[in-house]
Amino acid sequence: MSNSYMRILMILAKKVDISLLDTWFTKVLTLPPKYCIVRRGVDKIPTSLDTYDLVLIHGSLEVILKNYCTSWMQDEKNLIKSIIRSQKPTIGICWGSTHIAHELGVPTLQFSDYAFGIQNNKVICSTGCTADISDYISVFDGIRFIQPSGNLTPHVILSNGTVDVYSYQNYIMGSKGIIGLTIDNYKNSLNIMLGPQKKQMIDSYLEKVYAAQDRKFTQDKKLLRNFLVNNGLLS
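Criteria and thresholds
- Residues numbered from 1 in each chain as written.
- Predicted model: local features only at pLDDT ≥ 70, side-chain atom pairs only at ≥ 80, totals over all residues.
- Heavy atoms only, no water.
- 1 Å grid on protein atoms, 1.4 Å probe; cavity = no way out; pocket = protein on both sides within 12 Å on 5 of 7 lines; lining within 4 Å.
- Points joined across faces, edges and corners; volume = space filled by probe spheres on them.
- Helix = DSSP H or I, 4+ residues; strand = E, 2+ residues; numbered from the N terminus.
- Pairing = 2+ DSSP bridges.
- Phe/Tyr/Trp six-rings, centres within 6.5 Å; stacked < 30°, edge-to-face > 60°.
- Buried < 20%, exposed > 50% of the residue type's maximum accessible area, 1.4 Å probe, protein only.
- Lys NZ or Arg CZ within 6 Å of the ring centre and 35° of its normal.
- Expected span 1.5 Å × (residues − 1).
- Arc of directions from axis to C-beta.
- Contact = heavy atoms within 4.5 Å.
- Axes fitted to C-alpha atoms, helices over the stretch in contact; angles between N-to-C directions.
- Parallel < 35°, antiparallel > 145°, perpendicular 65-115°, else oblique.
- Left-handed = near helix turned anticlockwise from the far one by under 90°.
- Nonpolar A, V, L, I, M, F, W, Y, C, P; charged D, E, K, R; others polar.

Caption draft 1: Spotlight on the layout of surface pockets. When its volume is computed, the largest pocket comes out at roughly 650 Å³. Forming the boundary of the largest pocket are 31 residues, of which A13, S60, L61, E62 and S189 lie nearest the centre. When contributions to the lining of the largest pocket are tallied by element, the ones reaching two or more residues are α2 (62–65), α4 (95–103), β6 (135–146) and α5 (183–194). With 5 residues, the top contributor of residues to the lining of the largest pocket is α5.

Caption draft 2: Structural detail: the sheet that holds strand β3 (residues 54–57). Pairing is mixed in the open sheet, where 7 strands are placed in the order β2-β1-β3-β4-β9-β8-β7. Pairing within the sheet leaves two strands with one partner each, and these edge strands are β2 (33–39) and β7 (153–154). The sheet contact formed by strand β8 (residues 165–168) and strand β9 (residues 172–175) spans 4 bridges and is antiparallel. Opposite Y166, over in β9, you have G174 as the bridge partner.

Caption draft 3: Spotlight on the packing of aromatic side chains. Enumeration over the complete set of coordinates arrives at 8 aromatic pairs. Their ring planes at 50° and their centres at 5.3 Å tell us that W24 and F25 sit as a pair that is tilted. An identical accessibility class is assigned to W24 and F25; each is buried. On the basis of an interplanar angle of 25° and a centroid distance of 5.0 Å, the ring pair of F111 and F145 is categorised as stacked. Of this pair, F111 sits in strand β5 (residues 108–122) while F145 sits in strand β6, and the two are 34 residues apart along the sequence. Residue class for F111 comes out partly exposed when judged on its relative accessible area of 22%. Through a chain of ring-to-ring contacts, three or more aromatic side chains come together here, namely Y114, F116, Y186 and Y205. Here the basic side chain of R40 rests over the ring of W72, its NZ or CZ set 4.8 Å away from the ring centre.

Caption draft 4: Representation of α5 within the structure. Taking 1.5 Å per residue as the helical rise, α5 with its 12 residues ought to reach 16 Å, and the 16 Å between its terminal C-alpha atoms agrees with that figure. Looking only at α5, the buried set comprises N185, Y186, S189, L190 and L194. Each buried residue of α5 lies within a common arc of 145° when the element is viewed along its axis, so the set occupies one face. Looking at the buried positions of α5, the neighbouring elements they touch are β5, β6 and α6 (199–230). Two residues or fewer after α5 comes G195, characterised by a positive phi angle close to 90°.

Caption draft 5: Spotlight on the packing of helix α1 (residues 19–26) against α6. Look at α1 against α6: their axes get within 9 Å of each other, and the N-to-C directions meet at 55°. The orientation of α1 with respect to α6, classified from their angle, is oblique. In the crossing of α1 with α6, the sense of the turn from one axis to the other is right-handed. For the pair formed by α1 and α6, the contact residues are L20, T23, W24 and F25 on the first element and Q213, F217, D220, K221 and L224 on the second. Here the contact of α1 with α6 is built from residues that sort into 5 nonpolar, 2 polar and 2 charged.

Remember that the coordinates give geometry; whether it matters functionally is a separate question.
The following block contains the structure:
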């Protein structure tokens, strides 16, 4: 790690606003972050990780809209294989967490309909990334969800029995829920998936998400801090 900054590789959807992700990192890190931002379908996804301290793989609506047939999918698989080989500290969010879990051999469950929601869930494993966190606000959406498996440690389970927050050998942390996504980005995703006829339902749901935003952000900062400490990236 550089003495003057932390080098973070971010794999993102084309139009994701990184402002909330940047706030998430800058509120926790003691060194300023230096981002290498890779937009799926626009930029080449690297496979060499030597120049990065941390990798973040964020969500993607494209995998749902195109039924997982995307031009960048194989490159992202190769990146995850490099992460596993090198044990590079990595955070997976939403689709990113699902893709990492799949490459680890963890079974996933695909629903017939797009699911979303906000829940307050008990933390079932209060060590590692969820140390000192007793309950956690899950804000989630998608079609494919992660099933509990011996290959990973589940920390938070959704009411449908699938995994929200998990860890794998300490160097990987995943959250099926939404972390670092602005309300505007999330609203756009919901509008695309549900259509304009669901506007009233979307607005009502987002009011609940907005009301819980500050508390969730506090919890997510603890997740990040714990994860970085466990990987020697923060003292």
